[in-house]
Amino acid sequence: MGLQDIRDRIARAEADAGRAPGSVTLIAVSKVQPLDRVEAVLEQGHRVFGENRVQEAQGKWPDFKERFAGVELHLIGPLQSNKVRPALELFDAIHSVDRVKLARRIADIAQEIGRAPQIFLQVNTGEEPQKAGVLPADADDFVAECRAMNLNLRGLMCIPPAGEEPSLHFALLAKIAERNGLTGLSMGMSSDFERAIALGATHVRVGSAIFGERQAPTG
Ligand SMILES: *Cc1c(COP(=O)(O)O)cnc(C)c1O
């Protein structure tokens, strides 16, 4: 538990997989966490954070960004079209791009306001009806359509189904990324980030293992 423990475990997983030290970016997922816990992690020098709601992030991050230089914010939850502008004003990366219309709107507004957020396309590897993301069978076309836009396309993201072996989903995501020439892989959470690193994750999204259990559930 805690930031240093997670950093150590990431370093070990990188070494075990024969990957370069520092090749995995730790996104500390601070959604719903009490502000003092987030501040403690900032005080320890960590600067890369993830939030899953634009509105919640707007409530805490402008102030933290003023007090701590170099904060990098990643949006990891669903993004509605009408929230694209405030999202791009606040976030440096968006991991939940899952439809052409949204990608196009991000490209337009990013250009208008002079931002180039890192973009990850979400793939619904478990083909769950309630979950966001393009189906694996549609992923290649979606990547191609996004490539034709003026986007800073970094890679793919997935959230494996609860109760299934996540490694199968990580391997599928890695395969789709590889055949599309994408190097970024946003995969792995508190319970499975080491398995994700073994399968090539470049960005792991870890919340409760750093900050403790969340007080309230969040979508
Ligand atoms: C909340 C969340 C996480 C972090 O989950 P933990 O199990 O607390 O590590 C990672 N990714 C997404 C998309 C999330 O919504």
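Residues numbered from 1 in each chain as written. Predicted model: local features only at pLDDT ≥ 70, side-chain atom pairs only at ≥ 80, totals over all residues. Heavy atoms only, no water.

*Asks:* Go over the overall build of the chain, please, and point to the residues and values.
*Replies:* Scanning the chain from terminus to terminus reveals 9 helices and 8 strands. Rg of the C-alpha trace for the chain: 16 Å, near the compact-globule value of 17 Å for 219 residues, within the 12% margin. Along the longest, intermediate and shortest principal axes, the C-alpha atoms of the chain span 40 × 40 × 30 Å. Per-residue burial over the chain gives 51% buried out of 219 residues. (Helix = DSSP H or I, 4+ residues; strand = E, 2+ residues; numbered from the N terminus. Rg over C-alpha atoms; globule rule 2.2 N^0.38 Å. Buried < 20%, exposed > 50% of the residue type's maximum accessible area, 1.4 Å probe, protein only.)

*Asks:* Which residues make up the packing of aromatic side chains, and what values go with them?
*Replies:* This model, assessed by the stated rule, comprises 3 aromatic pairs. Summarising the aromatic geometry, the rings of Phe 49 and Trp 61 are spaced 4.8 Å apart at their centres and angled 45° between planes, so their arrangement reads as tilted. With Phe 49 in strand S2 (residues 48-51) and Trp 61 in helix H3 (residues 54-67), the pair connects residues that are 12 residues apart, well separated along the chain. For the residue pair Phe 49 and Trp 61, the accessibility class agrees, reading buried in each case. Site record: aromatic cluster; members linked through ring pairs are Phe 49, Trp 61, Phe 64 and Phe 68. (Phe/Tyr/Trp six-rings, centres within 6.5 Å; stacked < 30°, edge-to-face > 60°.)

*Asks:* Hey, could you go over the pairing of strand S8 (residues 203-206) for me, with residue numbers and the actual values?
*Replies:* What you see with S8 is no split at all: His 203 and Arg 205 on one side and Val 204 and Val 206 on the other are buried throughout. In the sheet, strand S1 (residues 25-29) pairs with S8 via 4 bridges, with the strands oriented parallel. The residue of S8 that forms the bridge with Leu 26 is Val 204. (Pairing = 2+ DSSP bridges.)

*Asks:* Help me get a handle on the side chain of Gln 118, residues and values and all.
*Replies:* As for its placement among the helices and strands, Gln 118 is situated in strand S5 (residues 118-122). Those residues in contact with Gln 118 that sit more than four places away from it in its chain are Glu 72, His 74, Asp 92, Ala 93, Ile 94, Asn 152, Arg 154 and His 203. (Contact = heavy atoms within 4.5 Å.)

*Asks:* I'd like to hear about the nonpolar core, residue by residue, with values.
*Replies:* Core analysis: the biggest nonpolar cluster contains 64 residues, and Trp 61 and Ile 106 have the highest contact counts within it. Element by element, the count of residues in this core is highest for helix H5 (residues 100-113), at 7 residues. With sequence-adjacent residues up to four places away left out, Trp 61 is seen in contact with Ser 30, Val 38, Leu 42, Phe 49, Glu 51, Val 71, Leu 73 and Leu 90. (Core = buried A, V, L, I, M, F, W, Y, C linked by side-chain atoms within 4.5 Å.)

*Asks:* Describe in detail the site of the ligand, supporting the description with residues and values.
*Replies:* Residues in contact with the ligand, as listed here, are Val 29, Lys 31, Ile 76, Ile 159, Met 189, Ser 190, Arg 205, Val 206, Gly 207, Ser 208 and Arg 214. One nitrogen or oxygen atom from the side chain of Ser 190 is found 2.5 Å from an oxygen atom belonging to the ligand. With respect to the ligand, the side chain of Arg 214 contributes an N or O atom lying 2.7 Å from an oxygen atom. When the ligand sits alone it has 390 Å² of accessible area, and the protein chains cover 90% of it. Looking at the shell around the ligand residue by residue, the classes come out as 5 nonpolar, 3 polar and 3 charged. (Near = heavy atom within 4 Å. Polar contact = N/O pair within 3.5 Å; in protein donor to acceptor, adjacent residues only side chain to side chain. Areas by Shrake-Rupley, 256 points an atom, 1.4 Å probe, with all protein chains shown as cover. Nonpolar A, V, L, I, M, F, W, Y, C, P; charged D, E, K, R; others polar.)

*Asks:* Give me the pattern of salt bridges: which residues, what numbers.
*Replies:* Overall, the coordinates contain 12 salt bridges when judged by the stated rule. Put simply, Arg 67 and Glu 39 hold a salt bridge, and the shortest N to O gap is 2.7 Å. Here the residue Arg 67 occupies a position in helix H3, and Glu 39 occupies one in helix H2 (residues 35-43), the gap between them amounting to 28 residues. With relative accessibility at 43%, the residue Arg 67 sits in the partly exposed group. Here the residues in one salt-bridge network are Asp 5, Arg 9 and Glu 194, joined through shared partners. (Salt bridge = Lys/Arg side-chain N within 4 Å of Asp/Glu carboxyl O.)

*Asks:* Would you mind going over unusual backbone geometry in detail, with residue names and values included?
*Replies:* A positive phi angle, near 65°, is found at Val 32, a position not held by glycine. Within the secondary structure, Val 32 is located in the loop between S1 and H2. In this structure, Glu 127 is a non-glycine residue whose phi angle is positive, near 50°.

*Asks:* Describe in detail helix H7 (residues 166-179), supporting the description with residues and values.
*Replies:* Note: α-helices contain 3.6 residues per turn, so residues at a spacing of three or four share the same orientation. With 14 residues, H7 ought to run about 20 Å at 1.5 Å a step, and its terminal C-alpha atoms sit 20 Å apart, in line with that. Along H7, the residues that are buried comprise Pro 166, Ser 167, His 169, Phe 170, Leu 173, Ala 174, Ile 176 and Ala 177. Buried residues along H7 sit in contact with helix H6 (139-147), strand S6 (152-157), strand S7 (184-186) and helix H8 (193-198). One or two residues past the end of H7 sits Gly 181, with phi positive at roughly 70°. (Expected span 1.5 Å × (residues − 1).)

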